[in-house]
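Tertiary structure, described
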Amino acid sequence: LILAKFPGQVCPGQGSTGSTGSTLDNAALCCQPKNMRELLREEEQKEQRLPLKAAEPTPRKLAVFSASEEPDPNLTPDEQKAHIRKRTCTDVFCVLLFAGAIVGLFEVLRYGFQNGDTRRIYYGLNWEGELCGLDEPVKDKPLLYWCTKPGDSTLSEDLLNNFSLPTELKDPSGAIVSLINKIVTPGEALDLLHPICVASCPVDSGSFHPCLQSVNTEKGTKSFDGSFLQTSDFISKLVQDVETITFAHRFCMPKESFAWTIETLNETVEGTATEVMYGLAEIVEARKIFLFTGCMAVVLSYLFMFTLDCLAFPVVYTTLTICVVGPIGASLYFIYGAFHQEISTALIEDAGWNVVLPEAITTSDRNWDIICSILCLILGIGVACFWCCKSKSINFVIVAVKATIRVLYDVPTLILLPSLNTAARAIVLILAMWGLALVVSVGEVAAYDIHSWVPQGLARTFEHTQDERLYILYYIFACAWIYELLLALQQFVVAYTVLIWYNAPLNNGKKKVPCAPIVRAAFMGLTYHLGSLAFGAVLLAFFRIIYILVTFFYNQNKKNEDEQTNGVVKAATACCCCCLNCFEQVLRYLNSGAYVMVAVNSDNYCQGADRAVKLMLTEFVAIGALEGSTFLFQTLGNISIPAAGGYLTYLMVTQLEQFNSVASVDYIAQPKVIAVAGGLVCLGVSMSFMSIFDTVSDAMLFAFMTDEDWRKQHGLPPNPNIPENLMGLIKAGES
């Protein structure tokens, strides 16, 4: 009966497969001898006194894997406390692809070294198409000089002697040529269309140069097939020089009217591509200013980030108030505009007010004013309802932002990561721009005529072969891959560090975190997970290149609106730009979650992304709320920091005598250009700081959601390693 009721169970003494400690029910026990029943009851009582294995708390893990897996001896004690899984190399194939891309990048640079020269981009170009100081005919003449238009008189022998000018010279054939009445006096205006190359800028009126005056073209007789010969005579005159000073180490400008010349030149090139080329020389020379601006941007970014801890609540609720009051106020304004005449009549006739109400600037159509009023009212009421219904979620989002600042407090080395990453990306970007200039310069240089009144010698274009265009495109893609890899490494370092912080034990209310976890995290990312980081980076680089190409194509079509262009093509390219930009943003956020899973579980990129997607689908409300708040703070930071930095840069170059004096070596002729460039420097620094803020908040949210989900499934209390102040914030946000 026992064997029939309990298959696989045997009585004592009937084989090694039996067990005297088997727990059976009472019906089975009645069929056994008395000593057997007593023995089983004793064993059953022992098991009842032992705690159930299912109720024992198990170590915290962010993913389910074999419990028999031994910890990696290569992990530090802090990493083992954070339950980091055993490290394995991930996405090795991507490492090989990345190494091949680097080899190809160096091959393109080798071709650029052999056939290009970066000086061809910014050296002066005379009216004959020769690069000053580079091409063989003008190799010893590195400066670009715009002659003055000739005056009405010539220099006699006495005037030549007064100006210390020679009265004769030898021509290339060796014949003596008299210069009396051959040198023309300078005019008041510059000839900006026919610059020449000179060895040095004229320092007084004791020199002269041949300057082009006119071109006479003669067209020959056409042959039977329509071809003909055309000859051109270039007529030059010897024009007396004026005193000049060297500007940007490349150009010779008249000293007496230097400020007026610069202002005229600015007005001439304003709004054209030449303005960029013209301001490039000053930007290169303003290294001292940009160094100070960069340091100032770092200080402003740290100040902004740490003030978020006390300004999070006011900023969020002020923004919500504006979003409620603004649309309601706009609704009332549109109603006032729709019924302006009726309101004025009622006040004058019925109320007896002798007042004329001002007219409202609206759509001038009552029906459209009413529609706009209704839409604005709905928007204001909708935001107010969201505020009332989701107040707990709003409070929790603010708590998450403040908790992000807490991470930066407890891990001070993490604050250095934006500066280090910004410096690394700046070095890569500078080297990439230099290499791009080298590769672009392999083409044939040609003058670029923007307009007849645009000064020559600044703008140019390069003509490339089909292979050279492919080289340039590949170079841009490889550099974008490297740049995105640095961003991916930053995300991984932040995720790894936040995971260690989240599970680190408390010591007197503070997290006991290693001194420099970012160094250990960077080592893990560059050794074990370089393939996964390269995988995520190449996806972003690929879509970024496609987005740039589609945007360029869209802008080209937009410029040709007056011509016959296909409207379907415009609409298609616009939709592609929006979709690519949206997909890129989604992919960037997905990478942040994937790198958290890679850091914890040592997953490949696709496995980590799959885990991250499943987690995001279950907690999309919290993720959306946090993304909205971080976007708000990022926008405020990326607007206020560059604006303050650009304004302070403008004050510095306009108020300090070192930069606003014409006689100074560091004179800045275009303060607006330098201010804009300084603002861009501050924008780059602020974007780095705001991105680290966003990455920390995302990584902390992923760690928090995964931990809470695991503990709810096992019926465990909250993580005891969360600091008391952070636990109080979380409870306050959830209450």
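Being a predicted model, the structure only gives us computed values, none of them experimental.

**A word on the state of the cysteines**
Enumeration over the complete set of coordinates arrives at three disulfides. Each sulfur in the disulfide pair Cys132 and Cys197 lies 1.9 Å from the other. Taking the sign of the S-S torsion, -75° for the link of Cys132 and Cys197, the bridge is left-handed. Of this pair, Cys132 sits in the loop between α6 (119–122) and β1 (143–145) while Cys197 sits in strand β6 (residues 196–198), placing them 65 residues apart in sequence. The residues Cys132 and Cys197 share a single accessibility class, namely buried. Disulfide partner of Cys201: Cys252, at an S-S distance of 2.0 Å. Of note, the bridge from Cys201 to Cys252 carries an S-S torsion of about -80° and is left-handed in sense. Taken together, the positions of Cys201 in the loop between β6 and β7 (208–219) and Cys252 in strand β10 (residues 251–254) put the pair 51 residues apart, joining distant regions of the chain. Exposure class is identical for Cys201 and Cys252. Each is buried.

**Focus on the packing of helix α15 (residues 466–503) against helix α16 (residues 517–527)**
In the contact formed by α15 and α16, the axes pass within 9 Å of each other and the chain directions differ by 125°. Classed by the angle they form, the pair α15 and α16 counts as oblique. For the crossing formed where α15 meets α16, the hand is right-handed. Of the residues in α16, those touching α15 at Leu489, Phe492, Val493, Tyr496 and Thr497 are Pro517, Ile518, Ala521, Ala522, Met524, Gly525 and Leu526. Its residues assigned to classes, the contact of α15 with α16 shows 10 nonpolar, two polar and no charged.

**Things to note about the sheet that holds β1**
Across the sheet, which stays open at both edges, the four strands sit in the order β6-β1-β10-β9 with mixed pairing between neighbours. Across the chains shown, the open sheet's two edge strands, defined by having one partner strand only, are β6 and β9 (244–247). Geometrically, the sheet is characterised by an average inter-axis angle of 40° between neighbouring strands, direction not taken into account. Pairing analysis gives two bridges linking β1 to β10, with the strands arranged parallel. Its bridge partner lying in β10, Leu144 is registered against Phe251.

What counts, and at which threshold
- Residues numbered from 1 in each chain as written.
- Predicted model: local features only at pLDDT ≥ 70, side-chain atom pairs only at ≥ 80, totals over all residues.
- Heavy atoms only, no water.
- Disulfide = S-S within 2.5 Å.
- Helix = DSSP H or I, 4+ residues; strand = E, 2+ residues; numbered from the N terminus.
- Buried < 20%, exposed > 50% of the residue type's maximum accessible area, 1.4 Å probe, protein only.
- Axes fitted to C-alpha atoms, helices over the stretch in contact; angles between N-to-C directions.
- Parallel < 35°, antiparallel > 145°, perpendicular 65-115°, else oblique.
- Left-handed = near helix turned anticlockwise from the far one by under 90°.
- Contact = heavy atoms within 4.5 Å.
- Nonpolar A, V, L, I, M, F, W, Y, C, P; charged D, E, K, R; others polar.
- Pairing = 2+ DSSP bridges.

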